[in-house]
Amino acid sequence: YEHLPIFMIHGTDEHGIPVEQSRRMETRLRKAGHDFEYVELEGANHFFFYRQTEPMPELVQWLRSRRRVKSPEYVSYRTYSLNYPRAYWVELLGIKNWGRAADVQCRVRNDGERIEVTTSNVSAFKLTPPEKQVSALDSTEVAWNGQRVVPQINEGSLVVDQMKKKKFVKDK
């Protein structure tokens with residue numbers, strides 16, 4: 001979710017999570033060029049919002065000035081269950097080892113001619129990229145963990161399933 005903006009609020013009297021942790025995160029986000037805002041509330045603890053009756057004007061203004069990216073070209077997602085299999089245009093269909101995290105990173109390349117997929121602990125996935133991101137599904141090349149694969153086209157989606165006969169193609 002690198003493309004999602006972050007608004008962090010931390011009270012200086014927080015005892016569960018030290019304020020220094022948010023300060024370190026602020027430094028890392030700034031170095032990475034991330035879209036974020038950090039507000040430190042002097043004397044506030046973890047439950048400041050329960051007592052606050054007025055909305056924070058800077059938070060409201062910040063939220064109104066941002067829009068969610070509906071279909072990012074890069075998607076990174078982690079799940080431990082197929083109860084939560086989807087992030088944007090990427091859906092996990094199979095997990096190899098239950099109880100371990102299933103990770104997927106997908107990136108649209110070459111003006112939509114290629115989708116690169118890197119996974120860990122994933123046996124099957126489905127890609128439904130928006131039409132504006134890919135030239136045509138039947139001509140979109142898919143690389144999974146560095147190897148070119150031939151996905152099945154199913155109802156406007158590209159499906160790759162390791163449990164079925166997987167077709168790998170040598171790169172040119």
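A brief structural summary. (Residues numbered from 1 in each chain as written. Predicted model: local features only at pLDDT ≥ 70, side-chain atom pairs only at ≥ 80, totals over all residues. Heavy atoms only, no water.)

1. With respect to the nonpolar core
Definition in use: To qualify as a nonpolar core, a set must consist of buried Ala, Val, Leu, Ile, Met, Phe, Trp, Tyr and Cys residues joined through side-chain atoms within 4.5 Å. Working definition: with a 1.4 Å probe on protein chains only, accessible area under 20% of the residue-type maximum means buried, over 50% means exposed, and in between means partly exposed. Helix and strand labels come from DSSP, where a helix needs a run of H or I of at least four residues and a strand needs a run of E of at least two; each type is numbered from the N terminus. A contact between two residues is defined here by any heavy atoms of the two lying within 4.5 Å.
Residues Trp89, Ile115, Val117, Phe125 and Leu127 are the most contacted members of the largest nonpolar core, which totals 24 residues. Here this core gets four residues from one element, more than from any other, and that element is strand 6 (residues 102-109). Residues within four places of Ile115 in sequence aside, it is in contact with Trp89, Arg107, Val108, Leu127, Pro129, Val134, Thr140, Glu141, Val142, Ala143 and Leu158. If you look at the next biggest cluster of nonpolar residues, it comprises seven residues, including Phe7, Val39, Ala44 and Met56.

2. Looking at the pairing of strand 8 (residues 122-127)
Each regular strand shows side chains that alternate between the opposite faces of the sheet. Put simply, the rule is: Strand pairing is assigned whenever DSSP identifies at least 2 bridges connecting the two strands.
Most of strand 8 is tucked away: five of the six residues are buried. In terms of strand pairing, strand 5 (residues 90-95) meets strand 8 through five bridges, oriented antiparallel. Of the residues in strand 8, the one forming a bridge with Glu91 is Lys126. Where strand 8 lies against strand 12 (residues 157-161), four bridges are found, and the strand directions are antiparallel. For Ala124, the partnering residue across the bridge sits in strand 12 and is Asp161.

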